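Reading the structure
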Amino acid sequence: MNCRAIIIFIAGVVVALPAKTRESSGDSNIVTAMQQELDRSTQSLQIAKMHRPYFIGYRLTVRDAFFCGASFGSITNANANRLCEIEIDLRVGSPQSDNSNFFNGNRIVNGTFKGGQGLLNGDSFILRRALWLATDAAYKQALKDYAQKESVAKNRSRLEELDDFAPAPACTVMADGALPTIDNLQTESLARQTSARFKRYAKLSSSSVYFSIQDLKTYYVNSEGGRFVRCEPGACFGVSAKTQLDDGVPLEDTRQVFGSTLATLGSPQQLIALADSVGALLTALCSAPLAQRYIGPALFTGQAARELFSRTMVPQFCVPRHPLCANADANATFDIKPFLDRLGGRVLPEYMDVSDDPTALFYQNTSLAGSFAVDDEGVPARRKMLVAKGILTGLLTTRAPVSGIAASSGNKRGALPLPGNIIVTAEHGLGNADLIKKLLELVRKRNLQYGIIVRRIGDPNSAQFTVNRGSMSARGLDGSMVIKNCTEVYKIYPGGRQELIRNAELTGISLEAFKYLSAASREVSVGSFSLYAGDVFPYSGNESHPVSLVVPSLLFEDVVIKKISDEVPKAPFWPHPVYTKTVLP
């Protein structure tokens, strides 16, 4: 998230970012200890006549976190913890061919090794000892991986030979050592207040809220001279509720707010209002008619437009390296990203632009959660145009080259290249009233009784009912995205009357459909979500990172809506204990 203040040094040149920075004495001692152990490993680490490391990077992550969950005004879970983790990026061989970018059948080998978990007490001796042991284990694993990869490569012919590791200028980024204090008692109090609001909504079977607050500090040094200290205070408020109708059809909604601290999530009144909005929507849905089959135009506004864009387009901008596979049959597991072959081609209408700007802290006075000044490989973040006037002009990469792109874009977050803040704009976009008028014109031309407006789509990663879960890779028979758990969907009739419907399942929206958008709005909505690595690339784990999206409303000419098609669980036979006078045994 937002680093408070940063200075970047690249090749001897100082680039000043928003504010003056300083390195605390504690941070300096940690970086010095890491550098000393790095120098020792670089100079003398070698087993007999085996390969010496040509690159070593040390990353130390210290996380102070507090999680608090509550339901109906009572705390259900509260815990605070501190985690210290060491990650070693150690490479043997050469930049042309090393121990990375290899799939051995169980995991993607990317040159990194995690170890050395424990509490950090500032003792340089303990830190250096942990680094020593982790480096020793990483080196042995790297030699083993490299030998296996070389054996496979000797019996495999590849049409395009790519280097395994791209050069990058050494840079130094030092953030202010101060991080905000986590107030556990205030967090618990807010959790009680917000969760208690659901006592007002008798039709809901369960509900909960949570606060997740963390202070994350990362220290990094590498053998090329790069180093950084990155501060990432982060906070998230989540609220969810669910119920089932008499026929067993499930209804649920989950909402999240991201910020840098508890205070930035919103006032208590705003958080309570968010909980109320969830309760009110689900209560209204209990009386709404079930969605029926529909083929025609649909307008996605606000959160629905952001969620749609995040599921379909955002993962395509992220281009990890396709690994060499020990078993050639496994190549099908790692589909080539379609946008890699579309560089220079049209992927959106000519009036639309897309950029990724991790260096932006705000968009029109709204805080952005995906900001960072330097990525996990020590490459400075920068603004990048991804789509200009509808033409795909750039992609997000790491220091592992991909076909046609040799250099890192400065987007490595965890194991993958991931965006920070995606900003989508539409030149000469329509006002909201004109966009609805355009929708109704399409309805009239198709001789339809009504059109569709989608305002909210549930997060598949948060869905509690199986029928509402879905993967970003889920596709219909025509290759289009299957979108379940469309929480807030309206029929709109000629004249403007709107009718809420429930349990709509959407398909018909493919990557190609974005090229032929009927219209987009002038106004944009801003929000954040957690992007999971496993939703971007197989075998990448469950690690997630906050990403902010700025997206206009989107009007598609052809969307397919159908009734919920999966089997549904039966509703509970016994009534809810909060809303009945029955005394349970």
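Read on for a plain summary of the structure. A quick note: this is a predicted structure, and the numbers were derived from the prediction, not measured.

**Considering the pairing of strand 25 (residues 488–492)**
Consecutive residues of a regular strand have side chains that alternate between opposite faces of the sheet. Most of strand 25 is tucked away, with five of its five residues classed as buried. Here strand 25 shows two buried faces, one formed by Glu488, Tyr490 and Ile492 and the other by Val489 and Lys491. Where strand 23 (residues 451–456) and strand 25 come together, five bridges link them in antiparallel fashion. Residue pairing for strand 25: isoleucine 453 is matched across the bridge by tyrosine 490. As judged from the four bridges shared by strand 25 and strand 26 (residues 498–501), these two strands associate in the antiparallel manner. If you follow tyrosine 490 over to strand 26, its bridge partner there is leucine 500. Following strand 25, the chain reverses through five residues before pairing antiparallel with strand 26; glycine 495 in that reversal takes a positive phi of roughly 105 degrees.

**A word on the side chain of threonine 61**
In this structure, threonine 61 sits in strand 3 (residues 53–71). If we skip the residues at most four places from it in the chain, threonine 61 touches Leu83, Cys84, Glu85, Leu216, Lys217 and Thr218.

**Focus: helix 4 (residues 268–285)**
Between its first and last C-alpha, helix 4 extends 26 Å over 18 residues, near the 26 Å set by a 1.5 Å rise per residue. Along helix 4, the positions that sit buried rather than exposed are Leu271, Ile272, Leu274, Ala275, Asp276, Val278, Gly279, Leu281, Leu282 and Leu285.

**A short note on the environment of alanine 426**
As for its placement among the helices and strands, alanine 426 is situated in strand 22 (residues 421–426). The exposure class of alanine 426 is buried, given its relative accessible area of 14%. With 96 residues separating them in the primary sequence, alanine 426 and arginine 522 have C-alpha atoms 6.3 Å apart. Not counting the four nearest positions on each side in its chain, alanine 426 is found in contact with Tyr351, Met352, Ala520 and Ser521.

**Description of the pattern of salt bridges**
In total, this model carries 27 salt bridges according to the counting rule given. Here glutamate 87 ties to arginine 59 by a salt bridge, and the two come within 3.1 Å at their closest N and O atoms. Remark: arginine 59 occurs in strand 3 and glutamate 87 occurs in strand 4 (residues 74–94); sequence separation between them is 28 residues. The burial state of glutamate 87 is the same as that of arginine 59; both residues are buried. Between aspartate 164 and arginine 321 there is a salt bridge; the shortest N-O distance is 3.4 Å. Of this pair, aspartate 164 sits in the loop between helix 2 (124–154) and strand 9 (171–175) while arginine 321 sits in the loop between helix 6 (314–317) and strand 14 (324–325), and the two are 157 residues apart along the sequence. The two residues aspartate 164 and arginine 321 agree in class, both being buried. Look at the salt bridges and you will find they share partners, linking Glu37, Arg40 and Arg128 into a network.

**As for the packing of helix 3 (residues 184–196) against helix 4**
Here helix 3 crosses helix 4 at 40 degrees, and the two axes come no closer than 8 Å. Relative to helix 4, helix 3 is oriented so that their crossing is right-handed. Residue-level inspection shows Leu190, Gln193 and Thr194 of helix 3 in contact with helix 4, the latter providing Pro268, Leu271, Ile272 and Ala275. Of the residues that constitute the contact of helix 3 with helix 4, the class distribution is five nonpolar, two polar and no charged.

**Quick notes on the environment of threonine 398**
Locating threonine 398 in the fold gives a position in the loop between strand 19 (391–392) and strand 20 (412–413). Looking at threonine 398, the relative accessible area reads 10%, which means it is buried. It is 9.0 Å that separates the C-alpha atoms of threonine 398 and arginine 413, two residues lying 15 residues apart in sequence. For threonine 398, the contacting residues outside a window of four places in its chain are Glu377, Ala407, Ser408, Lys412, Leu416 and Pro417. Polar side-chain contacts of threonine 398 include one of 3.1 Å to the backbone nitrogen of alanine 400.

**Some remarks on the sheet that holds strand 6 (residues 102–103)**
Pairing is mixed across the open sheet formed by three strands, whose spatial order is 7-6-14. Each end of this open sheet is capped by a strand with a single partner; those strands are strand 7 (108–109) and strand 14.

**As for unusual backbone geometry**
Negative phi is the rule for most residues except glycine; trans is the rule for most peptide bonds. In this model, alanine 48 sits at a positive phi of 45 degrees, which is unusual for a non-glycine residue. Its location among the elements puts alanine 48 in the loop between helix 1 (25–44) and strand 3. For lysine 389, which is not glycine, the phi dihedral falls at a positive 50 degrees. Examined against the element boundaries, lysine 389 turns out to sit in the loop between strand 18 (384–388) and strand 19.

**Topic: the packing of aromatic side chains**
Each pair of aromatic rings is reported with the distance of its centres and the angle of its planes. Using the criterion set out here, one finds 16 aromatic pairs in the structure. Ring geometry for tyrosine 220 against phenylalanine 228: centres 5.0 Å apart, planes inclined by 20 degrees, an arrangement best described as stacked. For the pair shown, tyrosine 220 and phenylalanine 228 are each scored as buried. The residue whose ring lies beneath arginine 497 is tyrosine 493, and the NZ or CZ to ring-centre distance is 4.3 Å.

**Quick look at the pairing of strand 4**
Bridging between strand 3 and strand 4 involves 18 bridges; their strand directions are antiparallel. Within the sheet, the bridge partner assigned to cysteine 68 lies in strand 4 and is alanine 78. Hairpin connection of strand 3 to strand 4: two residues between the antiparallel strands, including phenylalanine 72 at a positive phi of 50 degrees. Of the pairings in the sheet, the one linking strand 4 to strand 8 (residues 112–115) comprises four bridges and is antiparallel in character. Of the residues in strand 8, the one forming a bridge with glutamate 87 is lysine 114. For strand 4 and strand 5 (residues 97–98), the ladder comprises two bridges, and the chain directions are antiparallel. Considered in strand 5, the bridge of glycine 93 is made with aspartate 98. What sits between the antiparallel neighbours strand 4 and strand 5 is a turn of two residues.

What counts, and where the lines are drawn
- Residues numbered from 1 in each chain as written.
- Predicted model: local features only at pLDDT ≥ 70, side-chain atom pairs only at ≥ 80, totals over all residues.
- Heavy atoms only, no water.
- Buried < 20%, exposed > 50% of the residue type's maximum accessible area, 1.4 Å probe, protein only.
- Helix = DSSP H or I, 4+ residues; strand = E, 2+ residues; numbered from the N terminus.
- Pairing = 2+ DSSP bridges.
- Contact = heavy atoms within 4.5 Å.
- Expected span 1.5 Å × (residues − 1).
- Salt bridge = Lys/Arg side-chain N within 4 Å of Asp/Glu carboxyl O.
- Axes fitted to C-alpha atoms, helices over the stretch in contact; angles between N-to-C directions.
- Left-handed = near helix turned anticlockwise from the far one by under 90°.
- Nonpolar A, V, L, I, M, F, W, Y, C, P; charged D, E, K, R; others polar.
- Polar contact = N/O pair within 3.5 Å; in protein donor to acceptor, adjacent residues only side chain to side chain.
- Phe/Tyr/Trp six-rings, centres within 6.5 Å; stacked < 30°, edge-to-face > 60°.
- Lys NZ or Arg CZ within 6 Å of the ring centre and 35° of its normal.

It is worth stressing that arrangement in space is one thing and function is another; only the former is reported here.
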